[in-house]
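Close look at the chain arrangement
Spelled out, the chains give:
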Amino acid sequence: MVASRGARTANRSDLLTIGQVIARLSPEFPDLTSSKLRFLEERELVTPIRTSSGYRKFSQSDVERLRIILGLQRDHYLPLKVIKEYLEALDSGREPVLPGGVGGPRPTSAPAERRYSREDLIRVAGASPLLLADAVSSSLIPAQDHFGEETVTVLKALVELQRSGIEPRHLRAFRATTERELGLIESALMPVRRRRDGTSNARAAELAREIAGHLETVRSSLIRAALGRLDT
């Protein structure tokens, strides 16, 4: 079970400063900053102890909870509101399922993501070298020497689409649509970024996830509606 944010049984000597927490978690989460931790505290996902001088002190339970939060953000692109509800359900003894079928607490030690060479990517995805080249030229897959699990998933989808006669070149509009959506998100983030307070970057990153999720909801609804017309 995930460590409860209310757990406060650690010895004072076991407590960590915010810098020590970042040092411990940064190998797994290189983008972690003190402002991000303060933002998570502000959102009440983690509640470190405050010393009489006002300094934050984190228990081992807090660190494991942060590892779960950051992992769910990174690996499942979930907004903090969803993660908070998930953790609260775990704290109450339930076994919730996250959107996408993710159930149970995340392992406390996340393995490093596997990296694939070009040859491995083609083999694992069951693709041809030409399909990968077309996907890269259509900006659906990045042009690089090593790839992560997400690229494997995308290339597998392109293999299946190709079997239905849909080639990467037919999907070039996806990149243009993505760029337009990114412009919308950047415009929406401008008021937050102008604040220049300690948590503005973390707040902007979280808002970007939320907006992207809402855009995905609208897009999925439009696609389902269009598919419904095909059945009539």
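Here the residue numbers are simple positions, counted from 1 along each chain's written sequence. It should be noted that, the model being predicted, local features are given only for residues of pLDDT at least 70 and side-chain atom pairs only at 80 or more, the latter also being counted only at that level, while totals for whole chains, interfaces and linings use all residues. The side-chain values count all of the structure's non-hydrogen atoms but skip hydrogen atoms and water molecules.

This part covers the overall build of the protein chain. Looking only at helices and strands, the protein chain features nine helices and six strands. Counting all 232 residues of the protein chain, 34% fall into the buried class. Whether two residues touch is decided by their heavy atoms; if any such pair falls within 4.5 Å, the residues are in contact. The long-range share in the protein chain, meaning contacts at least 24 apart out of those at least 6 apart in sequence, stands at 65%. Here the protein chain has roughly 13,800 Å² of accessible surface; of this, 53% comes from carbon and sulfur atoms. Only DSSP runs of H or I reaching four residues or more are called helices, and only runs of E reaching two or more are called strands; each is numbered from the N terminus. With a 1.4 Å probe rolled over the protein chains alone, any residue whose accessible area is under 20% of its type maximum counts as buried; one over 50% counts as exposed, and the rest are partly exposed. For every accessible area listed, the method is Shrake-Rupley and the probe measures 1.4 Å; residues are considered covered only by the protein chains on display.

Most peptide bonds take the trans form, and the phi angle of most residues other than glycine is negative. The residue Glu44 is not glycine, and still its phi comes out positive at about 65 degrees. Within the fold, Glu44 resides in the loop between α2 (34–42) and β1 (49–50). For Glu44, a relative accessible area of 43% puts it in the partly exposed group. Of note in this structure, Ser139 is not a glycine but carries a positive phi near 65 degrees. Within the element layout of this structure, Ser139 appears in the loop between α6 (129–137) and β6 (146–147). When its relative accessible area of 35% is taken as the criterion, Ser139 is described as partly exposed.

Patches were defined on residues exceeding 30% relative accessible area and lacking a salt bridge, with like-charge contacts within 9 Å and nonpolar side-chain contacts (Val, Leu, Ile, Met, Phe, Trp, Tyr) within 5 Å. When a carboxyl oxygen of Asp or Glu is within 4 Å of a side-chain nitrogen of Lys or Arg, the pair counts as a salt bridge. On the surface, a nonpolar cluster with roughly 320 Å² of combined accessible area is contributed by Ile223, Leu227 and Leu230. In this fold, Ile223 is placed in helix α9 (residues 200–230).

Here the focus is helix α3 (residues 60–76). Along its 17 residues, α3 runs 24 Å from first to last C-alpha, staying within 8% of the 24 Å computed at 1.5 Å per residue. Asp62, Val63, Arg65, Leu66, Arg67, Ile68, Ile69, Leu70, Gly71, Leu72 and Gln73 are the residues of α3 that are buried. A helix is expected to reach a length of 1.5 Å times the quantity of its residues less one.

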